[in-house]
Amino acid sequence: MAAPPRRPLLVLIAGLLLIASLATFAEAIYEDQVGLADWHQKYIGKVKQAIYHSQKSGRRRVVVLTEENVISSLDLRSGDILWRHVIDKNDPLDQLSLSLGKYVLTLSSGGTILRAWNLPDGQMIWETNLQASAASNPQLHVMSNNKVAKDNLVLVSVGRWICAVSSIDGSISWEKEFSLDALEFKQVLQSPENDIVYAVGIAGYSKLALYQLSAKTGEILKDIQESLPGELSGEIVLGSDNVLVALNKARSSLFLIEFKSERISYNRVHVSDLVQDLPRTFKLQPLSNGVIGLQTSSTVFLLKLKNTDGLEVVQRFDQPAAVSDALTITEKDEAFAVVQHAGSQIEFIVKFTSDISSEIIREQVNIDQHRGNVEKVFLNSYIRTDKSHGFRALVVMEDHSLLLIQQGEVVWSREDGLASIVDVTTSELPVEKDGVSVADVEHNLFEWLKGHMLKLKGTLMLASADEVAAIQALRLKSSEKNKMTRDHNGFRKLLIVLTKAGKVIALHTGDGRIVWSNLLPSLRASRFGGTPSALRIYQWQVPHHSVMRENPSVLVVGKSGAESSAPGVFSILDSYSGDELNSMRLDHSVVQIIPLTLKDVSEQRLHLIVDSNSNAHLYPKSPDALSAFLHEMPNLYFYSVDIQTNVVRGYSLEKSHDIKGDEYCFSTKELWSIIFPSDSERIAISETRKMNEVVHTQAKIIGDHDVMYKYLSKNLVFVATVSPKAAGDIGSALPEEASLVAYLIDAVTGRILHRVTHHGAQGPVHAVLSENWVVYHYFNLRAHRFEMAVIEIYDQSRADNKDVMKLILGKHNLSAPITSYARPEVVVKSQSYFFTHSVKAMAVTQTAKGITSKQLLIGTIGDQVLALDKRYLDPRRSANPTQQEKEEGIIPLTDSLPIIPQSFVTHSHQVEALRGIVSIPAKLESTTLVFTYGVDLFYTQLAPSRTYDSLTDEFSYALLLITIAVLVGAIIVTWIWSEKKELRDKWR
């Protein structure tokens, strides 16, 4: 009998092919996930100057200059960024202007660098370096010309220099240095005749100088000087065409200065005669037609000039308000805007300078109350369909946000306070509630089957274009990354950030949207007076969801002033809603904040606040917290690094009965100090381990099966010092004059565990300390390259614990008491490597259990984040590793660290002005969440050792089930055929 056809073999082959196609599909989905788990947001920062450019055709835009040193062009219709440039902090932007309707001019570095940018696309046209010395208040003035001209001169006044530059090519037409000692120009004005320039300056605080110059040649036509009684503050504004208003140094009087063709005359007006009890922090705002605004943090006064006879108050706004500059409407009239708070709304008021008593527009606008007061207003006009003038205003709020107001509504808003983040913490989302209806289950089951059928059609390339789009939409929806409940992998969290404005904002890790925001009243700074500052944000209460029903909360710590002795400020916020639960003004200063690992019975975390008198204050002030703290106080030590005095000190705590009877206040006892000689070393940086870092194992098994025990003291501190001449910018010192010294210090005893000197090295120094190793980055002057060095420290006192029988029988020293006062037996391994990039920030990945391999997160000079495997920074690397070392995974030694393009976690994005990198553990051990902030924000998920403990979100379970069913069917069919064949063989 002929053999039956070998169908079972064909079925098995088909099954294997199906499995192979499944694997291929899964890999394609993995690659396709790039960009789905990350987001990138662009910001510009708090606007300090804005210039509109409206045209009949094309995009209407506004060009802005911000406190984050950003120049940007925004779409006036939507607020989107058309283009922007983030200038280095070493080149601060001073002034902004437009020329010829197509060039954006910026003056920077104290008036020494003038640049022109192309208005449509932001490309730089030219750059001119001016020879004048940098000044604190440089002036930029673009000459206007009523006649048709191809070029406008740009006048720059810096100190006692005035330069005229062509706006076409940046060439210097003329420059002049004036001989009057201590002269500093305050105003550059243009006469109606266009070819005469008036320059007004102050010499020696009391002498006023007026120069009349030829705009074409810079020739001095007239020179008038006048000494004024008393000293001037330097604040001078233009009251009218020929009257200047100057403020004296005591800020108690105003000088009304009239300059005519041959002489200067003035009149003195006491501020108290105009307004009673006016705070000294007021600001003068020039308008036009003899109108001047006088602003305080809570009131605005409109003053009217009576020639030089005096001033009179014509209107007063008693609510916090801001006044815009004057805007030319017609040849004879100008308009200005006042935006003031009115209850839960703001009022947008527009007036003509010729008739202050009347109002062109008064509109009520609803805004978010968590934006604070209005700080700046930039007015713009447009022509309505009925040929009348309409007005819009760009409004800068106290929280650094930017709003466009038009026709009584907020057209768009930008949360640009996120460009100035000072600290970050995280919070878990609420647990998803149990209980699902039968209808929801049926609907979800139908959607599940429908989705997997679509994915199957896509795998077999049978899906239409609409079905492919539906598959993409299902991928985004099925990821569930935007839900407001926590997931079992721990990917969904709240990023709670603290901004420089004192605003706390919660961002969802799924898409970066703002969940809530709160501008803290205790940290709100007045525009001209107080300077409260936000310092840090910490987790305050993290209740266990199965035990307690309270929401988690965060603690914000700030200061009420700029001085070190300024009282501190506390604010506690609900992590889910952003509501302020409690706030207090402390009766002591805040110099150092020490979060502790201890908790009270309500699971509030304990914090120590060290004040300027070296006293430590315990929070929260509750009996439970005090009891837990006193139990652990003998084991608590802390240290301080004083960069100014070049000293590192270590302290212990002791109960004191001399401090006003406050049982929550403890005195500190200095245990040790390390004083670095200022003539040879300056402290550059100090680092310690993260408090929440998890270490999986204390031992490291090397290739020859030997065991090395990590030195895992949480009291280990890394301090780097540089020689004084090497403390400046790169290249400021010769290799023979530069050196960098790295120290590993025990913070309990002050003992220096290790010290290494790098000759010919210079900062800036960046470092990260994790487990038993530290990596730091510096510049090698001899090699003219950047370097990264690694130090690993091991506990030699436990080197005898390698015999398993000793461990079984208890004959080991692991249980022996360890004291910091006994000199530890440590062994140190170190190595240095060349590194291509300059570094802005460094961090290390953190995972839930510490099992996953570590990666260094390096913020490069290109504002990107590079993930570098720690194995490349293994000090045991050698040029010719042994077979055992190869099996261990040690990489052969090279002189430089590799830069793999695929290792940039930011992909092609740039996080402009990158300042910080935060790694957050997920519940899934293989994955860490990475948040990077600067002017921009970037978030992503990173798996340093790949996702070895989970399947991808897009894994096709339907295809897997089909494959299993086919294999089971093949097994059954094969078994039946085998039984039939065996039966036939028995009948033979």
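All values derive from a computational prediction rather than experimental measurement. (Residues numbered from 1 in each chain as written. Predicted model: local features only at pLDDT ≥ 70, side-chain atom pairs only at ≥ 80, totals over all residues. Heavy atoms only, no water.)

The helix and strand inventory of the protein stands at eight helices and 64 strands. Counting only residues that meet the buried cut, the protein has 51% of its 988 residues in that class. On the protein, roughly 46,500 Å² of surface is accessible, and the fraction owed to carbon and sulfur atoms is 51%. (Helix = DSSP H or I, 4+ residues; strand = E, 2+ residues; numbered from the N terminus. Buried < 20%, exposed > 50% of the residue type's maximum accessible area, 1.4 Å probe, protein only. Areas by Shrake-Rupley, 256 points an atom, 1.4 Å probe, with all protein chains shown as cover.)

Another aspect to go through is the sheet that holds strand β62 (residues 916-921). The strand order β1-β64-β63-β62 describes an open sheet built from four strands, whose pairing is antiparallel. Each having just a single partner strand, β1 (39-41) and β62 make up the two edges of the open sheet. In this sheet, adjacent strand axes meet at a mean angle of 15 degrees when their direction is disregarded. Sheet topology places strand β63 (residues 928-933) next to strand β64 (residues 937-942); six bridges connect them, and they run antiparallel. Looking across to β64, one finds that Thr-932 is bridged to Phe-938. (Pairing = 2+ DSSP bridges. Axes fitted to C-alpha atoms, helices over the stretch in contact; angles between N-to-C directions.)

Bringing the packing of aromatic side chains into the picture now. The tally for this structure, following the rule as stated, stands at 14 aromatic pairs. Considering the side-chain rings of Phe-570 and Tyr-619, the 4.7 Å spacing of their centres and the 55 degrees angle between planes classify their relative orientation as tilted. Of this pair, Phe-570 sits in strand β41 (residues 567-574) while Tyr-619 is found in strand β45 (residues 615-619), placing the two residues 49 residues apart along the sequence. Clustering of aromatic rings is evident, with ring pairs tying together Trp-39, Phe-931, Tyr-933 and Tyr-939. Residue placement shows Arg-251 over the ring face of Phe-282; its charged tip is 5.0 Å from the ring centre. (Phe/Tyr/Trp six-rings, centres within 6.5 Å; stacked < 30°, edge-to-face > 60°. Lys NZ or Arg CZ within 6 Å of the ring centre and 35° of its normal.)

Inspection of the secondary structure puts Asn-780 in strand β56 (residues 773-780). Assessed through its relative accessible area of 12%, Asn-780 is described here as buried. Within the structure, the side chain of Asn-780 is placed 3.2 Å from the backbone nitrogen of Ala-783, a separation counted as a polar contact. Among residues more than four places away in sequence, those in contact with Asn-780 are Gly-760, Arg-785 and Glu-787. (Polar contact = N/O pair within 3.5 Å; in protein donor to acceptor, adjacent residues only side chain to side chain. Contact = heavy atoms within 4.5 Å.)

Take the sheet that holds strand β19 (residues 243-248) next. In spatial order, the strands read β18-β19-β20-β21; together these four strands make up an open sheet with antiparallel pairing. Only two strands of the sheet have a single neighbouring strand rather than two, namely β18 (232-240) and β21 (264-270). In this sheet, adjacent strand axes meet at a mean angle of 25 degrees when their direction is disregarded. With seven bridges joining them, strand β20 (residues 253-259) and β21 adopt antiparallel strand pairing. Bridged to Leu-254 within β21 is Val-269.

Examined against the element boundaries, Leu-238 turns out to sit in strand β18. Through-space distance from the C-alpha of Leu-238 to that of Gly-290 is 8.6 Å; in sequence the pair is 52 residues apart. Those residues in contact with Leu-238 that lie beyond four places of it in its chain are Gln-187, Leu-189, Val-243, Leu-244 and Pro-286.

So, on to the pattern of salt bridges. Summed over all chains, the structure comprises 37 salt bridges. Measuring nitrogen to oxygen at the nearest pair gives 3.6 Å for the salt bridge that ties Glu-235 to Arg-251. With a gap of 16 residues between them, Glu-235 in strand β18 and Arg-251 in the loop between β19 and β20 connect regions that are remote in the sequence. The residue Asp-869 makes a salt bridge to Arg-871 at a minimum N-O spacing of 3.4 Å. Asp-869 sits in the buried class, given a relative accessible area of 16%. With relative accessibility at 45%, the residue Arg-871 sits in the partly exposed group. One salt-bridge network, in which partners are shared between bridges, spans Glu-347, Lys-351, Glu-359 and Arg-362. (Salt bridge = Lys/Arg side-chain N within 4 Å of Asp/Glu carboxyl O.)

Turning to unusual backbone geometry, a few remarks are in order. A cis geometry characterises the amide bond from Tyr-619 onward to Pro-620, with omega recorded as 0 degrees. Along the chain, Pro-620 falls in the loop between β45 and α5 (623-632). Cis rather than trans, the peptide bond between Gly-763 and Pro-764 has omega equal to 5 degrees. Among the structural elements, Pro-764 can be located in strand β55 (residues 761-770). Even without being glycine, Glu-603 reaches a positive phi, approximately 65 degrees. Along the chain, Glu-603 falls in the loop between β43 (592-599) and β44 (605-610). Owing to a relative accessible area of 18%, Glu-603 belongs among the buried residues under this scheme. Within the chain, His-784 stands out as a residue other than glycine whose phi angle is a positive 55 degrees. Looking at where His-784 falls in the secondary structure, it is placed in the loop between β56 and β57 (785-795).

Let us look at the environment of Asn-489. Relative to the assigned elements, Asn-489 resides in the loop between α4 (465-478) and β36 (493-499). Its relative accessible area of 14% is what places Asn-489 among the buried residues. Residues Asn-489 and Leu-924 lie 435 residues apart in sequence; the distance between their C-alpha atoms is 5.1 Å. For Asn-489, the residues in contact, after removing those within four places along its chain, are Ala-922, Lys-923 and Leu-924.

A few words on the nonpolar core. Across soluble globular proteins, you tend to see nonpolar side chains buried next to one another. Of all hydrophobic cores here, the largest spans 36 residues; its most connected members are Leu-394, Phe-931 and Leu-937. When sequence neighbours within four positions are dropped, the list of residues in contact with Phe-931 reads Trp-39, Ile-421, Val-424, Leu-495, Val-497, Gly-916, Ile-917, Val-918, Ile-920, Leu-937, Phe-938 and Tyr-939. By size, the runner-up hydrophobic cluster in this structure holds 21 residues, among which are Ile-346, Val-365, Val-377 and Ile-405. (Core = buried A, V, L, I, M, F, W, Y, C linked by side-chain atoms within 4.5 Å.)

What follows is about α5. Burial in α5 covers these residues: Ala-625, Leu-626 and Phe-629. Looking straight down α5, one finds that the buried residues subtend no more than 95 degrees of arc, so they occupy a single side. Those residues of α5 that are exposed and aimed more than 90 degrees away from the buried face are Pro-623 and His-631. Where the residues of α5 are buried, they touch β43, β44, β45, β47 (647-655) and β48 (665-675). (Arc of directions from axis to C-beta.)

A separate point is the confidence of the model for the protein. Taken residue by residue, the protein gives an average pLDDT of 84. The fraction at 70 or more is 87%. Mean pLDDT across the elements of the protein ranges from a minimum in helix α1 (residues 7-32), with 41, to a maximum in β63, with 96. In this model residues 1-32 is a low-confidence stretch, pLDDT under 50, and it forms 25 contacts with partners more than four residues away in sequence or in other chains. (pLDDT = per-residue confidence, 0-100.)

Working note: regular strand, side chains alternate between the two faces of the sheet. Bridging between strand β8 (residues 113-118) and strand β9 (residues 124-129) involves five bridges; their strand directions are antiparallel. When the bridges of β9 are listed, Arg-115 appears paired with Glu-127. Hairpin connection of β8 to β9: five residues between the antiparallel strands, including Gly-122 at a positive phi of 80 degrees.

A separate point is the pairing of strand β42 (residues 580-589). Of the pairings in the sheet, the one linking β41 to β42 comprises six bridges and is antiparallel in character. Residue pairing across strands places Leu-573 opposite Glu-580, the latter belonging to β42. Between β41 and the antiparallel strand that follows it, β42, lie five residues; Gly-578 among them carries a positive phi value of about 85 degrees.

Turning to a nonpolar patch on the surface, a few remarks are in order. Taken together, Leu-961, Ile-964, Val-968, Ile-972, Val-973, Trp-975, Ile-976 and Trp-977 make up a surface patch of nonpolar side chains, about 710 Å² in accessible area. Counting through the fold element by element, Leu-961 comes out in helix α8 (residues 957-987). (Patch = residues over 30% accessible without salt bridge, like charges linked within 9 Å, V, L, I, M, F, W, Y side chains within 5 Å.)

Within the secondary structure, Ile-168 sits in the loop between β12 (161-166) and β13 (172-177). A C-alpha to C-alpha distance of 7.9 Å links Ile-168 and Asn-152, two positions 16 residues apart in sequence.

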